[in-house]
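Observations on chain architecture
One letter stands for each residue in the lines below.
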Amino acid sequence: MPQIKSAIKRVKSAEKASLRNSSQRNAMRSAIKNFETSASNNADNKDELFRSAVRAIDMAKSKGLIKANKAARDKSRLAKMN
């Protein structure tokens, strides 16, 4: 554990950011998986799940969790399945 006050604050804020980032990344991955399973089963709500997956990818990109090229690549792959 750090001794300097600013270092202690950085540890706390890094921990909060890590939790926030991991939950955002998990939400994105879950939305993608939900769409992929519905696309393979040809479900009725496939379009709705596609929109939510694309939204989750765009939000992760805007938060800096994934890079722009990965977001574009993922959306392109999902669009092929739709």
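In case you missed it, the structure is sitting above this.
Residues numbered from 1 in each chain as written. Predicted model: local features only at pLDDT ≥ 70, side-chain atom pairs only at ≥ 80, totals over all residues. Heavy atoms only, no water.

**A word on the packing of aromatic side chains**
Selection rule: Two aromatic rings, drawn from Phe, Tyr or Trp (for Trp, its six-membered ring), form a pair once their centres lie within 6.5 Å of each other, and the interplanar angle then sorts them: stacked below 30 degrees, edge-to-face above 60, tilted otherwise. Here a strand is any run of E in DSSP of at least two residues, a helix any run of H or I of at least four, and the numbering for each starts at the N terminus. Think of it in three bands: with a 1.4 Å probe and only protein chains considered, a residue is buried below 20% of the maximum accessible area for its type, exposed above 50%, and partly exposed in between.
With the rule as written, the count across this model stands at one aromatic pair. On the basis of an interplanar angle of 55 degrees and a centroid distance of 5.4 Å, the ring pair of Phe35 and Phe50 is categorised as tilted. You can see Phe35 sitting in helix H1 (residues 5-41) and its partner Phe50 sitting in helix H2 (residues 46-63), a full 15 residues away along the chain. Residue classification places Phe50 among the buried positions, given a relative accessible area of 18%.

**Remarks on the nonpolar core**
What counts here: In this description, a nonpolar core means a group of buried Ala, Val, Leu, Ile, Met, Phe, Trp, Tyr and Cys residues linked to one another through side-chain atoms lying within 4.5 Å. Contacts are assigned to residue pairs with any non-hydrogen atoms lying within 4.5 Å of each other.
The biggest cluster of nonpolar side chains holds 16 residues, and the ones touching the most others in it are Met28, Ile32, Phe35, Ala53, Ile57, Ile66 and Leu78. Elements with a minimum of two residues in this core: H1, H2 and helix H3 (68-81). Those residues in contact with Ile57, other than ones at most four positions away along the chain, are Met28, Ile32, Ile66, Ala71, Asp74, Lys75 and Leu78.

**Notes on H1**
Spelled out, the test is: Given a helix with a known number of residues, its expected span is that number minus one, times 1.5 Å.
Over its 37 residues, H1 extends 54 Å from the first C-alpha to the last, a length consistent with the 54 Å expected when each residue adds 1.5 Å. Where H1 is concerned, the buried positions are Met28, Ala31, Ile32, Phe35, Ser38 and Ala39. In the segment just after H1, Asn42 is the residue with positive phi, at about 55 degrees.

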